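Chain and residue survey
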2 protein chains.
Amino acid sequence: MDKVIFIGAGNVACHLAPALHEAGYDIVQVFSRTEPSACNLAEQIGARFTTALAAIDPTADVYLYAVTDSALPGLAARVNAPDALHLHTSGSTGLDVFAGHARHFGVLYPLQTFSKHKAIRFPEINFFIEGNDDFARRKVREMASTLSRHVQELDSAGRKRMHLAAVFACNFTNHLYEIAAELLAEAGIDFRVMLPLIDETTEKIKTLSPYEAQTGPAVRNDRNITDKHLALLAGKRELETIYCLLTDDIHAIHQKGQNP
Amino acid sequence: MDKVIFIGAGNVACHLAPALHEAGYDIVQVFSRTEPSACNLAEQIGARFTTALAAIDPTADVYLYAVTDSALPGLAARVNAPDALHLHTSGSTGLDVFAGHARHFGVLYPLQTFSKHKAIRFPEINFFIEGNDDFARRKVREMASTLSRHVQELDSAGRKRMHLAAVFACNFTNHLYEIAAELLAEAGIDFRVMLPLIDETTEKIKTLSPYEAQTGPAVRNDRNITDKHLALLAGKRELETIYCLLTDDIHAIHQKGQNP
(Lines give C-alpha, C1' and ligand atoms only; values in the text may rest on other atoms or scores of the structure.)
Protein backbone atom coordinates (compact mmCIF):
# COMPACT_ATOMS: atom_id res chain seq x y z
CA MET A 1 0.00 0.00 0.00
CA ASP A 2 1.06 3.57 -0.53
CA LYS A 3 3.10 5.41 2.09
CA VAL A 4 1.03 8.35 3.34
CA ILE A 5 1.98 11.44 5.33
CA PHE A 6 -0.66 13.46 7.14
CA ILE A 7 -0.23 17.23 7.18
CA GLY A 8 -2.44 18.35 10.08
CA ALA A 9 -3.71 16.63 13.22
CA GLY A 10 -7.05 18.36 13.86
CA ASN A 11 -10.61 16.95 13.89
CA VAL A 12 -10.61 15.72 10.29
CA ALA A 13 -7.12 14.16 10.47
CA CYS A 14 -7.94 12.49 13.81
CA HIS A 15 -10.82 10.61 12.21
CA LEU A 16 -9.47 10.12 8.70
CA ALA A 17 -5.94 8.93 9.54
CA PRO A 18 -7.06 6.06 11.83
CA ALA A 19 -9.69 5.03 9.25
CA LEU A 20 -7.09 4.88 6.46
CA HIS A 21 -4.66 3.09 8.79
CA GLU A 22 -7.40 0.50 9.52
CA ALA A 23 -7.98 0.17 5.78
CA GLY A 24 -4.33 -0.82 5.31
CA TYR A 25 -2.66 2.44 4.32
CA ASP A 26 0.85 2.85 5.69
CA ILE A 27 0.76 6.23 7.41
CA VAL A 28 4.41 6.89 8.11
CA GLN A 29 4.40 10.40 9.55
CA VAL A 30 2.14 13.12 10.99
CA PHE A 31 3.07 16.78 10.75
CA SER A 32 1.44 19.43 12.93
CA ARG A 33 2.69 22.71 14.41
CA THR A 34 1.06 21.60 17.68
CA GLU A 35 3.26 18.93 19.24
CA PRO A 36 0.66 17.22 21.49
CA SER A 37 -1.75 16.87 18.56
CA ALA A 38 0.93 15.50 16.23
CA CYS A 39 2.21 13.14 18.90
CA ASN A 40 -1.23 11.82 19.96
CA LEU A 41 -2.37 11.09 16.45
CA ALA A 42 0.98 9.55 15.44
CA GLU A 43 1.01 7.25 18.49
CA GLN A 44 -2.51 6.08 17.76
CA ILE A 45 -1.57 4.83 14.29
CA GLY A 46 2.05 3.81 14.91
CA ALA A 47 3.54 6.69 12.86
CA ARG A 48 6.37 9.13 13.47
CA PHE A 49 5.56 12.79 14.00
CA THR A 50 7.23 16.13 13.46
CA THR A 51 6.45 19.77 14.12
CA ALA A 52 9.12 20.99 11.68
CA LEU A 53 8.25 21.47 8.02
CA ALA A 54 11.85 20.74 7.05
CA ALA A 55 11.63 17.34 8.77
CA ILE A 56 8.73 16.09 6.65
CA ASP A 57 9.85 12.87 4.95
CA PRO A 58 10.15 13.65 1.19
CA THR A 59 9.84 9.99 0.11
CA ALA A 60 6.14 9.28 0.69
CA ASP A 61 3.64 8.45 -2.07
CA VAL A 62 0.78 10.59 -0.78
CA TYR A 63 0.69 13.82 1.23
CA LEU A 64 -2.75 14.34 2.73
CA TYR A 65 -3.44 17.88 3.95
CA ALA A 66 -6.20 18.11 6.58
CA VAL A 67 -5.61 21.66 7.77
CA THR A 68 -7.51 24.96 7.88
CA ASP A 69 -8.12 26.70 4.57
CA SER A 70 -5.90 29.58 5.63
CA ALA A 71 -2.92 27.29 6.39
CA LEU A 72 -3.31 25.21 3.24
CA PRO A 73 -1.70 27.42 0.54
CA GLY A 74 1.43 28.07 2.65
CA LEU A 75 1.88 24.37 3.45
CA ALA A 76 1.17 23.23 -0.11
CA ALA A 77 3.95 25.54 -1.30
CA ARG A 78 6.47 24.34 1.27
CA VAL A 79 6.15 20.55 1.34
CA ASN A 80 8.88 19.51 -1.05
CA ALA A 81 7.84 16.30 -2.82
CA PRO A 82 7.04 17.34 -6.39
CA ASP A 83 6.51 13.81 -7.76
CA ALA A 84 4.17 12.52 -5.03
CA LEU A 85 0.38 12.79 -4.96
CA HIS A 86 -0.87 15.77 -2.93
CA LEU A 87 -4.45 15.71 -1.63
CA HIS A 88 -6.45 18.09 0.52
CA THR A 89 -9.77 17.63 2.33
CA SER A 90 -11.12 21.17 2.16
CA GLY A 91 -14.59 22.06 0.92
CA SER A 92 -13.83 25.62 -0.04
CA THR A 93 -10.27 25.48 -1.41
CA GLY A 94 -9.81 24.81 -5.11
CA LEU A 95 -7.81 21.96 -6.59
CA ASP A 96 -5.40 24.57 -7.98
CA VAL A 97 -3.87 25.32 -4.56
CA PHE A 98 -1.31 22.63 -5.50
CA ALA A 99 -0.68 23.86 -9.05
CA GLY A 100 2.96 24.74 -9.56
CA HIS A 101 4.05 22.70 -6.53
CA ALA A 102 3.27 19.13 -7.60
CA ARG A 103 2.66 17.00 -10.69
CA HIS A 104 -0.26 14.98 -9.27
CA PHE A 105 -2.83 16.45 -6.96
CA GLY A 106 -6.42 16.12 -5.95
CA VAL A 107 -9.13 16.54 -3.34
CA LEU A 108 -10.71 14.02 -0.97
CA TYR A 109 -13.64 15.89 0.59
CA PRO A 110 -15.74 14.02 3.17
CA LEU A 111 -19.14 15.69 3.57
CA GLN A 112 -19.30 15.23 7.32
CA THR A 113 -18.89 17.02 10.65
CA PHE A 114 -16.03 15.68 12.77
CA SER A 115 -15.79 16.23 16.52
CA LYS A 116 -12.94 14.82 18.59
CA HIS A 117 -15.02 12.78 21.03
CA LYS A 118 -17.57 11.36 18.62
CA ALA A 119 -16.89 8.27 16.49
CA ILE A 120 -17.83 8.43 12.81
CA ARG A 121 -19.28 5.73 10.57
CA PHE A 122 -17.17 6.21 7.43
CA PRO A 123 -19.18 3.87 5.18
CA GLU A 124 -22.11 6.32 5.37
CA ILE A 125 -20.11 9.40 4.38
CA ASN A 126 -20.45 10.93 0.93
CA PHE A 127 -16.96 11.59 -0.45
CA PHE A 128 -16.47 14.13 -3.23
CA ILE A 129 -13.24 13.73 -5.13
CA GLU A 130 -11.25 15.62 -7.74
CA GLY A 131 -7.88 15.11 -9.43
CA ASN A 132 -5.72 17.04 -11.88
CA ASP A 133 -4.93 13.98 -14.03
CA ASP A 134 -5.92 10.34 -14.52
CA PHE A 135 -3.34 9.12 -12.03
CA ALA A 136 -4.57 11.48 -9.29
CA ARG A 137 -8.23 10.71 -10.01
CA ARG A 138 -7.61 6.97 -9.91
CA LYS A 139 -5.59 7.15 -6.69
CA VAL A 140 -8.01 9.39 -4.83
CA ARG A 141 -10.99 7.26 -5.89
CA GLU A 142 -9.14 4.16 -4.68
CA MET A 143 -8.49 5.81 -1.30
CA ALA A 144 -12.06 7.11 -0.83
CA SER A 145 -13.48 3.75 -1.91
CA THR A 146 -11.64 1.90 0.85
CA LEU A 147 -13.69 4.00 3.31
CA SER A 148 -17.11 4.35 1.68
CA ARG A 149 -19.19 3.21 -1.28
CA HIS A 150 -20.48 6.77 -1.70
CA VAL A 151 -17.75 8.37 -3.80
CA GLN A 152 -18.34 10.80 -6.64
CA GLU A 153 -16.37 13.33 -8.66
CA LEU A 154 -17.20 17.01 -8.15
CA ASP A 155 -15.22 20.00 -9.41
CA SER A 156 -13.94 22.80 -7.19
CA ALA A 157 -16.81 25.16 -7.99
CA GLY A 158 -19.44 22.53 -7.15
CA ARG A 159 -17.58 21.54 -3.99
CA LYS A 160 -17.47 25.15 -2.79
CA ARG A 161 -21.24 25.37 -3.18
CA MET A 162 -21.67 22.02 -1.44
CA HIS A 163 -19.56 23.27 1.47
CA LEU A 164 -21.70 26.40 1.72
CA ALA A 165 -24.87 24.25 1.78
CA ALA A 166 -23.24 22.10 4.48
CA VAL A 167 -22.56 25.17 6.63
CA PHE A 168 -26.29 25.94 6.53
CA ALA A 169 -27.43 22.35 7.07
CA CYS A 170 -24.89 21.47 9.75
CA ASN A 171 -23.05 24.35 11.47
CA PHE A 172 -25.92 26.83 11.39
CA THR A 173 -28.43 24.12 12.32
CA ASN A 174 -26.26 23.19 15.27
CA HIS A 175 -26.14 26.85 16.23
CA LEU A 176 -29.94 26.93 16.30
CA TYR A 177 -29.67 24.02 18.75
CA GLU A 178 -27.24 26.14 20.79
CA ILE A 179 -29.79 28.96 20.86
CA ALA A 180 -32.64 26.60 21.78
CA ALA A 181 -30.52 25.16 24.61
CA GLU A 182 -29.81 28.68 25.87
CA LEU A 183 -33.53 29.66 25.83
CA LEU A 184 -34.53 26.47 27.63
CA ALA A 185 -31.77 26.84 30.22
CA GLU A 186 -33.24 30.23 31.14
CA ALA A 187 -36.56 28.52 31.82
CA GLY A 188 -34.81 25.77 33.80
CA ILE A 189 -35.69 23.15 31.17
CA ASP A 190 -33.24 20.46 30.01
CA PHE A 191 -32.36 20.73 26.30
CA ARG A 192 -32.84 16.96 25.98
CA VAL A 193 -36.65 17.37 25.92
CA MET A 194 -36.08 18.73 22.39
CA LEU A 195 -34.43 15.57 21.05
CA PRO A 196 -37.59 13.77 19.84
CA LEU A 197 -38.66 16.96 18.03
CA ILE A 198 -35.22 17.35 16.47
CA ASP A 199 -35.21 13.67 15.46
CA GLU A 200 -38.59 14.03 13.78
CA THR A 201 -37.48 17.21 11.97
CA THR A 202 -34.57 15.22 10.51
CA GLU A 203 -36.70 12.14 9.89
CA LYS A 204 -39.33 14.07 7.92
CA ILE A 205 -36.91 15.25 5.24
CA LYS A 206 -36.16 11.63 4.35
CA THR A 207 -39.65 11.31 2.85
CA LEU A 208 -40.71 14.94 2.30
CA SER A 209 -38.74 17.80 0.77
CA PRO A 210 -37.72 20.45 3.35
CA TYR A 211 -40.26 22.69 1.62
CA GLU A 212 -43.09 20.19 2.15
CA ALA A 213 -41.94 19.49 5.70
CA GLN A 214 -42.12 23.09 6.91
CA THR A 215 -44.53 23.87 9.78
CA GLY A 216 -44.90 26.53 12.46
CA PRO A 217 -45.88 30.16 12.88
CA ALA A 218 -43.63 31.57 10.11
CA VAL A 219 -45.06 29.45 7.29
CA ARG A 220 -48.59 30.19 8.58
CA ASN A 221 -47.62 33.88 8.85
CA ASP A 222 -49.04 33.90 12.39
CA ARG A 223 -47.90 37.36 13.54
CA ASN A 224 -49.78 36.84 16.79
CA ILE A 225 -47.16 34.22 17.79
CA THR A 226 -44.11 35.76 16.18
CA ASP A 227 -44.70 39.03 18.06
CA LYS A 228 -44.84 37.14 21.37
CA HIS A 229 -41.61 35.36 20.47
CA LEU A 230 -39.82 38.56 19.55
CA ALA A 231 -40.74 40.04 22.95
CA LEU A 232 -39.00 37.07 24.63
CA LEU A 233 -35.82 37.65 22.59
CA ALA A 234 -35.46 41.36 23.36
CA GLY A 235 -31.96 42.27 24.50
CA LYS A 236 -30.38 38.90 23.59
CA ARG A 237 -27.48 39.61 21.22
CA GLU A 238 -28.86 39.66 17.63
CA LEU A 239 -31.48 36.99 18.24
CA GLU A 240 -34.43 39.25 17.44
CA THR A 241 -32.92 40.11 14.06
CA ILE A 242 -32.07 36.45 13.36
CA TYR A 243 -35.64 35.46 14.27
CA CYS A 244 -37.13 38.15 11.98
CA LEU A 245 -34.89 37.34 9.02
CA LEU A 246 -35.53 33.60 9.18
CA THR A 247 -39.28 34.13 9.68
CA ASP A 248 -39.48 36.55 6.75
CA ASP A 249 -37.40 34.26 4.52
CA ILE A 250 -39.67 31.28 5.30
CA HIS A 251 -42.69 33.40 4.58
CA ALA A 252 -41.17 34.78 1.36
CA ILE A 253 -40.35 31.33 -0.05
CA HIS A 254 -43.67 29.76 0.88
CA GLN A 255 -45.76 32.71 -0.22
CA LYS A 256 -44.15 32.62 -3.65
CA GLY A 257 -44.74 28.89 -3.77
CA GLN A 258 -41.07 28.33 -4.63
CA ASN A 259 -40.24 24.69 -4.08
CA PRO A 260 -36.49 24.47 -4.31
CA MET B 1 -64.46 6.98 28.24
CA ASP B 2 -65.08 10.69 27.93
CA LYS B 3 -66.92 12.11 24.94
CA VAL B 4 -64.54 14.42 23.09
CA ILE B 5 -65.16 17.09 20.44
CA PHE B 6 -62.32 18.34 18.27
CA ILE B 7 -62.31 22.02 17.38
CA GLY B 8 -60.00 22.20 14.35
CA ALA B 9 -58.98 19.70 11.68
CA GLY B 10 -55.48 20.85 10.74
CA ASN B 11 -52.11 19.07 11.08
CA VAL B 12 -52.20 18.67 14.86
CA ALA B 13 -55.86 17.52 14.96
CA CYS B 14 -55.27 15.07 12.09
CA HIS B 15 -52.60 13.26 14.13
CA LEU B 16 -53.99 13.73 17.64
CA ALA B 17 -57.63 12.80 17.01
CA PRO B 18 -56.87 9.38 15.45
CA ALA B 19 -54.34 8.67 18.24
CA LEU B 20 -56.92 9.45 20.94
CA HIS B 21 -59.54 7.47 19.03
CA GLU B 22 -57.14 4.49 18.94
CA ALA B 23 -56.57 4.93 22.68
CA GLY B 24 -60.30 4.50 23.29
CA TYR B 25 -61.58 8.08 23.51
CA ASP B 26 -65.03 8.56 22.04
CA ILE B 27 -64.57 11.43 19.59
CA VAL B 28 -68.13 12.34 18.71
CA GLN B 29 -67.72 15.42 16.53
CA VAL B 30 -65.19 17.46 14.56
CA PHE B 31 -65.67 21.17 13.94
CA SER B 32 -63.78 23.07 11.26
CA ARG B 33 -64.65 26.04 9.07
CA THR B 34 -63.19 24.06 6.16
CA GLU B 35 -65.69 21.37 5.19
CA PRO B 36 -63.35 18.92 3.42
CA SER B 37 -60.94 18.96 6.40
CA ALA B 38 -63.77 18.46 8.93
CA CYS B 39 -65.32 15.75 6.82
CA ASN B 40 -62.09 13.83 6.15
CA LEU B 41 -60.99 13.76 9.76
CA ALA B 42 -64.49 12.88 11.02
CA GLU B 43 -64.81 9.99 8.57
CA GLN B 44 -61.45 8.62 9.59
CA ILE B 45 -62.49 8.29 13.24
CA GLY B 46 -66.21 7.59 12.81
CA ALA B 47 -67.34 10.96 14.13
CA ARG B 48 -69.90 13.53 12.95
CA PHE B 49 -68.65 16.87 11.64
CA THR B 50 -69.92 20.42 11.39
CA THR B 51 -68.72 23.70 9.95
CA ALA B 52 -71.20 25.74 12.02
CA LEU B 53 -70.24 26.91 15.49
CA ALA B 54 -73.89 26.85 16.55
CA ALA B 55 -74.09 23.16 15.65
CA ILE B 56 -71.33 22.08 18.02
CA ASP B 57 -72.79 19.48 20.39
CA PRO B 58 -72.97 21.09 23.86
CA THR B 59 -73.08 17.76 25.75
CA ALA B 60 -69.48 16.51 25.39
CA ASP B 61 -67.08 16.05 28.31
CA VAL B 62 -64.01 17.48 26.61
CA TYR B 63 -63.57 20.17 23.92
CA LEU B 64 -60.10 19.94 22.39
CA TYR B 65 -59.01 23.01 20.43
CA ALA B 66 -56.26 22.31 17.87
CA VAL B 67 -56.45 25.57 15.90
CA THR B 68 -54.19 28.51 15.09
CA ASP B 69 -53.35 30.88 17.94
CA SER B 70 -55.23 33.66 16.23
CA ALA B 71 -58.46 31.62 15.96
CA LEU B 72 -58.28 30.27 19.50
CA PRO B 73 -59.59 33.20 21.61
CA GLY B 74 -62.66 33.71 19.36
CA LEU B 75 -63.54 30.01 19.39
CA ALA B 76 -62.92 29.63 23.13
CA ALA B 77 -65.41 32.43 23.72
CA ARG B 78 -68.09 31.00 21.46
CA VAL B 79 -68.20 27.27 22.24
CA ASN B 80 -71.00 27.13 24.77
CA ALA B 81 -70.33 24.29 27.22
CA PRO B 82 -69.36 26.00 30.47
CA ASP B 83 -69.22 22.84 32.59
CA ALA B 84 -67.08 20.70 30.26
CA LEU B 85 -63.29 20.51 30.19
CA HIS B 86 -61.73 22.80 27.55
CA LEU B 87 -58.20 22.03 26.38
CA HIS B 88 -55.96 23.63 23.79
CA THR B 89 -52.74 22.40 22.18
CA SER B 90 -50.98 25.71 21.58
CA GLY B 91 -47.42 26.44 22.62
CA SER B 92 -47.75 30.19 22.77
CA THR B 93 -51.29 30.77 24.07
CA GLY B 94 -51.78 31.00 27.82
CA LEU B 95 -54.08 28.81 29.87
CA ASP B 96 -56.16 31.92 30.61
CA VAL B 97 -57.62 32.05 27.07
CA PHE B 98 -60.46 29.95 28.55
CA ALA B 99 -60.92 32.03 31.73
CA GLY B 100 -64.44 33.43 31.97
CA HIS B 101 -65.77 30.87 29.45
CA ALA B 102 -65.40 27.58 31.30
CA ARG B 103 -65.01 26.12 34.81
CA HIS B 104 -62.36 23.54 33.93
CA PHE B 105 -59.67 24.14 31.38
CA GLY B 106 -56.16 23.17 30.52
CA VAL B 107 -53.44 22.67 27.93
CA LEU B 108 -52.19 19.52 26.19
CA TYR B 109 -49.08 20.66 24.31
CA PRO B 110 -47.24 18.03 22.25
CA LEU B 111 -43.66 19.16 21.55
CA GLN B 112 -43.61 17.86 18.00
CA THR B 113 -43.86 18.90 14.33
CA PHE B 114 -46.88 17.46 12.53
CA SER B 115 -47.09 17.19 8.74
CA LYS B 116 -50.11 15.69 7.01
CA HIS B 117 -48.30 12.93 5.12
CA LYS B 118 -45.91 11.79 7.83
CA ALA B 119 -46.92 9.36 10.57
CA ILE B 120 -45.92 10.22 14.13
CA ARG B 121 -44.77 7.95 16.95
CA PHE B 122 -46.77 9.36 19.86
CA PRO B 123 -45.02 7.36 22.61
CA GLU B 124 -41.82 9.34 21.92
CA ILE B 125 -43.45 12.78 22.16
CA ASN B 126 -42.90 15.00 25.20
CA PHE B 127 -46.27 16.34 26.34
CA PHE B 128 -46.43 19.48 28.48
CA ILE B 129 -49.68 19.90 30.38
CA GLU B 130 -51.39 22.53 32.46
CA GLY B 131 -54.79 22.81 34.17
CA ASN B 132 -56.68 25.47 36.10
CA ASP B 133 -57.79 23.08 38.87
CA ASP B 134 -57.21 19.55 40.16
CA PHE B 135 -59.95 18.11 37.97
CA ALA B 136 -58.49 19.64 34.79
CA ARG B 137 -54.94 18.64 35.71
CA ARG B 138 -55.99 15.06 36.45
CA LYS B 139 -58.01 14.75 33.23
CA VAL B 140 -55.35 16.22 30.96
CA ARG B 141 -52.64 14.06 32.52
CA GLU B 142 -54.85 11.01 31.99
CA MET B 143 -55.34 11.91 28.33
CA ALA B 144 -51.66 12.66 27.64
CA SER B 145 -50.62 9.48 29.46
CA THR B 146 -52.69 7.29 27.15
CA LEU B 147 -50.44 8.54 24.33
CA SER B 148 -46.98 8.84 25.89
CA ARG B 149 -45.01 8.16 29.06
CA HIS B 150 -43.32 11.55 28.69
CA VAL B 151 -45.82 13.89 30.33
CA GLN B 152 -44.92 16.81 32.57
CA GLU B 153 -46.58 19.94 33.93
CA LEU B 154 -45.32 23.28 32.64
CA ASP B 155 -46.93 26.69 33.19
CA SER B 156 -47.89 29.04 30.36
CA ALA B 157 -44.75 31.19 30.66
CA GLY B 158 -42.47 28.13 30.47
CA ARG B 159 -44.46 26.69 27.58
CA LYS B 160 -44.17 29.92 25.61
CA ARG B 161 -40.38 29.80 26.00
CA MET B 162 -40.38 26.11 25.05
CA HIS B 163 -42.34 26.92 21.91
CA LEU B 164 -39.85 29.65 20.99
CA ALA B 165 -36.97 27.20 21.46
CA ALA B 166 -38.87 24.70 19.28
CA VAL B 167 -39.22 27.27 16.49
CA PHE B 168 -35.42 27.61 16.47
CA ALA B 169 -34.70 23.87 16.77
CA CYS B 170 -37.36 22.73 14.30
CA ASN B 171 -38.90 25.34 11.96
CA PHE B 172 -35.74 27.42 11.53
CA THR B 173 -33.59 24.31 11.26
CA ASN B 174 -35.89 23.00 8.56
CA HIS B 175 -35.59 26.34 6.80
CA LEU B 176 -31.81 25.97 6.77
CA TYR B 177 -32.45 22.63 5.03
CA GLU B 178 -34.65 24.50 2.53
CA ILE B 179 -31.79 26.93 1.87
CA ALA B 180 -29.24 24.11 1.54
CA ALA B 181 -31.55 22.33 -0.94
CA GLU B 182 -31.86 25.54 -2.95
CA LEU B 183 -28.07 26.07 -3.08
CA LEU B 184 -27.46 22.46 -4.11
CA ALA B 185 -30.19 22.56 -6.76
CA GLU B 186 -28.35 25.48 -8.38
CA ALA B 187 -25.27 23.28 -8.63
CA GLY B 188 -27.35 20.37 -9.95
CA ILE B 189 -26.74 18.32 -6.80
CA ASP B 190 -29.47 16.26 -5.11
CA PHE B 191 -30.26 17.43 -1.56
CA ARG B 192 -30.22 13.82 -0.41
CA VAL B 193 -26.39 13.79 -0.39
CA MET B 194 -26.74 15.97 2.74
CA LEU B 195 -28.74 13.38 4.73
CA PRO B 196 -25.78 11.54 6.35
CA LEU B 197 -24.32 14.91 7.41
CA ILE B 198 -27.68 16.04 8.81
CA ASP B 199 -28.09 12.71 10.63
CA GLU B 200 -24.68 13.03 12.21
CA THR B 201 -25.38 16.65 13.26
CA THR B 202 -28.49 15.38 15.09
CA GLU B 203 -26.72 12.30 16.41
CA LYS B 204 -23.86 14.29 17.93
CA ILE B 205 -26.09 16.31 20.24
CA LYS B 206 -27.24 13.10 21.92
CA THR B 207 -23.80 12.71 23.48
CA LEU B 208 -22.31 16.21 23.23
CA SER B 209 -23.93 19.57 24.05
CA PRO B 210 -24.67 21.67 20.95
CA TYR B 211 -21.86 23.94 22.15
CA GLU B 212 -19.34 21.08 22.24
CA ALA B 213 -20.61 19.73 18.91
CA GLN B 214 -20.04 22.93 16.93
CA THR B 215 -17.58 22.76 14.00
CA GLY B 216 -16.95 24.70 10.80
CA PRO B 217 -15.55 28.01 9.59
CA ALA B 218 -17.59 30.24 11.95
CA VAL B 219 -16.37 28.66 15.18
CA ARG B 220 -12.80 28.68 13.81
CA ASN B 221 -13.34 32.31 12.72
CA ASP B 222 -11.98 31.36 9.28
CA ARG B 223 -12.73 34.60 7.38
CA ASN B 224 -10.98 33.15 4.35
CA ILE B 225 -13.87 30.70 3.91
CA THR B 226 -16.71 32.90 5.12
CA ASP B 227 -15.78 35.58 2.56
CA LYS B 228 -15.90 32.99 -0.24
CA HIS B 229 -19.30 31.83 0.98
CA LEU B 230 -20.70 35.36 1.14
CA ALA B 231 -19.67 35.92 -2.49
CA LEU B 232 -21.76 32.87 -3.49
CA LEU B 233 -24.81 34.26 -1.66
CA ALA B 234 -24.75 37.71 -3.24
CA GLY B 235 -28.14 38.75 -4.61
CA LYS B 236 -30.09 35.87 -2.99
CA ARG B 237 -32.86 37.41 -0.87
CA GLU B 238 -31.42 38.12 2.63
CA LEU B 239 -29.14 35.08 2.68
CA GLU B 240 -25.93 37.11 2.98
CA THR B 241 -27.29 38.87 6.08
CA ILE B 242 -28.55 35.59 7.56
CA TYR B 243 -25.13 34.02 6.94
CA CYS B 244 -23.31 36.95 8.58
CA LEU B 245 -25.59 37.09 11.62
CA LEU B 246 -25.38 33.35 12.31
CA THR B 247 -21.61 33.32 11.74
CA ASP B 248 -21.09 36.30 14.07
CA ASP B 249 -23.39 34.81 16.72
CA ILE B 250 -21.50 31.49 16.66
CA HIS B 251 -18.23 33.35 16.93
CA ALA B 252 -19.55 35.59 19.74
CA ILE B 253 -20.75 32.66 21.87
CA HIS B 254 -17.65 30.55 21.35
CA GLN B 255 -15.20 33.39 21.82
CA LYS B 256 -16.77 34.27 25.16
CA GLY B 257 -16.62 30.59 26.10
CA GLN B 258 -20.32 30.65 27.01
CA ASN B 259 -21.58 27.12 27.26
CA PRO B 260 -25.34 27.41 27.52
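In what follows, the structure referred to is the one given above.
The model shown is predicted, which means the values in this text are computed figures rather than measured ones.

What to know about the packing of helix α9 (residues 223–233) of chain A against helix α10 (residues 239–256) of chain A
Residue and element names in this part refer to chain A. In the contact formed by α9 and α10, the axes pass within 9 Å of each other and the chain directions differ by 160°. It follows that α9 is roughly antiparallel to α10 by the angle criterion. In terms of crossing hand, the pair formed by α9 and α10 is right-handed. Counted together, Arg-223, Thr-226, His-229, Leu-230 and Leu-233 of α9 and Leu-239, Glu-240, Tyr-243, Cys-244, Thr-247, Asp-248 and His-251 of α10 form the full contact between these two elements. Residue composition of the contact of α9 with α10, grouped by class: five nonpolar, four polar and three charged.

A short note on the packing of aromatic side chains
All names here are of chain A. Inspection of the entire model under this criterion finds 14 aromatic pairs over all chains. Ring centres 6.1 Å apart and planes at 50° place the aromatic pair Phe-98 and Phe-105 in the tilted group. For Phe-105, a relative accessible area of 8% translates into the label buried. Aromatic ring contacts, followed pair by pair, group Tyr-65, Phe-98 and Phe-105 into a single cluster.

With respect to the relation of the copies chain B and chain A
If you rotate chain B by 180° and push it 0.0 Å along the axis, it lands on chain A with an RMSD of 0.0 Å. Taken together, the rotation and translation describe the operation of a two-fold axis. When each C-alpha of chain B is compared by its distance to the rotation axis, Thr173(B) comes out closest, at 2.6 Å. Interface residue correspondence from chain B to chain A reaches 100%, placing this contact among same-surface, isologous pairings.

What to know about the environment of Ala157(B)
Residue and element names in this part refer to chain B. Structurally, Ala-157 can be placed in helix α5 (residues 156–186). Under the relative-accessibility criterion, Ala-157 is labelled exposed at 54%. Sequence-wise, Ala-157 and Ser-92 are 65 residues apart; in three dimensions their C-alpha atoms are separated by 8.5 Å.

Comments concerning the interface of chain B and chain A
Counting from both sides, the interface comprises 98 residues of chain B and, opposite them, 99 residues of chain A. Of the roughly 9,400 Å² buried at the junction of chain B and chain A (both faces included), carbon and sulfur atoms supply 68%. Our count for the chain B to chain A interface comes out at eight salt bridges. One salt bridge connects Glu186(A) with Arg161(B), and the closest N-O pair in it is separated by 3.2 Å. Connecting chain B to chain A are 37 residue pairs in polar contact (both at pLDDT 80 or more). Of all the elements, α5(B) adds the most residues to the side of chain B that touches chain A, at 27 residues. Considered class by class, the residues forming the side of chain B that touches chain A number 48 nonpolar, 29 polar and 21 charged.

Description of the pattern of salt bridges
Summed over the entire model, instances satisfying the criterion amount to 33 salt bridges over all chains. Between Glu200(B) and Lys118(A) there is a salt bridge, with its nearest N and O atoms 3.3 Å apart. Taken together, the residues span two chains, with Glu200(B) in helix α6 (residues 195–204) and Lys118(A) in the loop between β6 (104–110) and β7 (127–131). A relative accessible area of 3% means that Glu200(B) is categorised as buried. With its nearest N and O atoms 2.9 Å apart, the salt bridge here joins Glu182(B) to Arg237(B). A residue pair is termed long-range when its members are at least 10 positions apart, and Glu182(B) in helix α5 and Arg237(B) in the loop between α8 (223–233) and α9 (239–256) qualify at 55 residues.

A short note on the packing of helix α5 (residues 156–186) of chain A against α5(B)
For the pair α5(A) and α5(B), interaxial distance at closest approach is 9 Å and the crossing angle is 180°. It follows that α5(A) is roughly antiparallel to α5(B) by the angle criterion. Its residues assigned to classes, the contact of α5(A) with α5(B) comprises 24 nonpolar, two polar and four charged.

Thoughts on the sheet that holds strand β2 (residues 26–31) of chain A
Residue and element names in this part refer to chain A. Spatially, eight strands are ordered β3-β2-β1-β4-β5-β6-β7-β8 in an open sheet, and the strand pairing comes out mixed. In this open sheet, the two strands that pair with only one neighbour each are β3 (48–50) and β8 (151–153). Strand after strand, the sheet turns through a mean of 25° between neighbouring axes, direction not considered. As paired strands, β2 and β3 are joined by three bridges and run parallel to one another. Note that in β3 the partner of Gln-29 across the bridge is Arg-48. Against the sheet, helix α1 (residues 11–22) contacts β1 (3–7), β2, β4 (62–65) and β6, and its axis sits at roughly 170° relative to β1.

What counts and what doesn't
- Residues numbered from 1 in each chain as written.
- Chains lettered and ligands numbered in written order.
- Predicted model: local features only at pLDDT ≥ 70, side-chain atom pairs only at ≥ 80, totals over all residues.
- Heavy atoms only, no water.
- Axes fitted to C-alpha atoms, helices over the stretch in contact; angles between N-to-C directions.
- Helix = DSSP H or I, 4+ residues; strand = E, 2+ residues; numbered from the N terminus.
- Parallel < 35°, antiparallel > 145°, perpendicular 65-115°, else oblique.
- Left-handed = near helix turned anticlockwise from the far one by under 90°.
- Contact = heavy atoms within 4.5 Å.
- Nonpolar A, V, L, I, M, F, W, Y, C, P; charged D, E, K, R; others polar.
- Phe/Tyr/Trp six-rings, centres within 6.5 Å; stacked < 30°, edge-to-face > 60°.
- Buried < 20%, exposed > 50% of the residue type's maximum accessible area, 1.4 Å probe, protein only.
- Least-squares fit on C-alpha atoms with pLDDT ≥ 70 in both.
- Buried area = accessible area lost by both parts, 1.4 Å probe.
- Salt bridge = Lys/Arg side-chain N within 4 Å of Asp/Glu carboxyl O.
- Polar contact = N/O pair within 3.5 Å; in protein donor to acceptor, adjacent residues only side chain to side chain.
- Pairing = 2+ DSSP bridges.

Distances and angles like these do not, on their own, reveal function.
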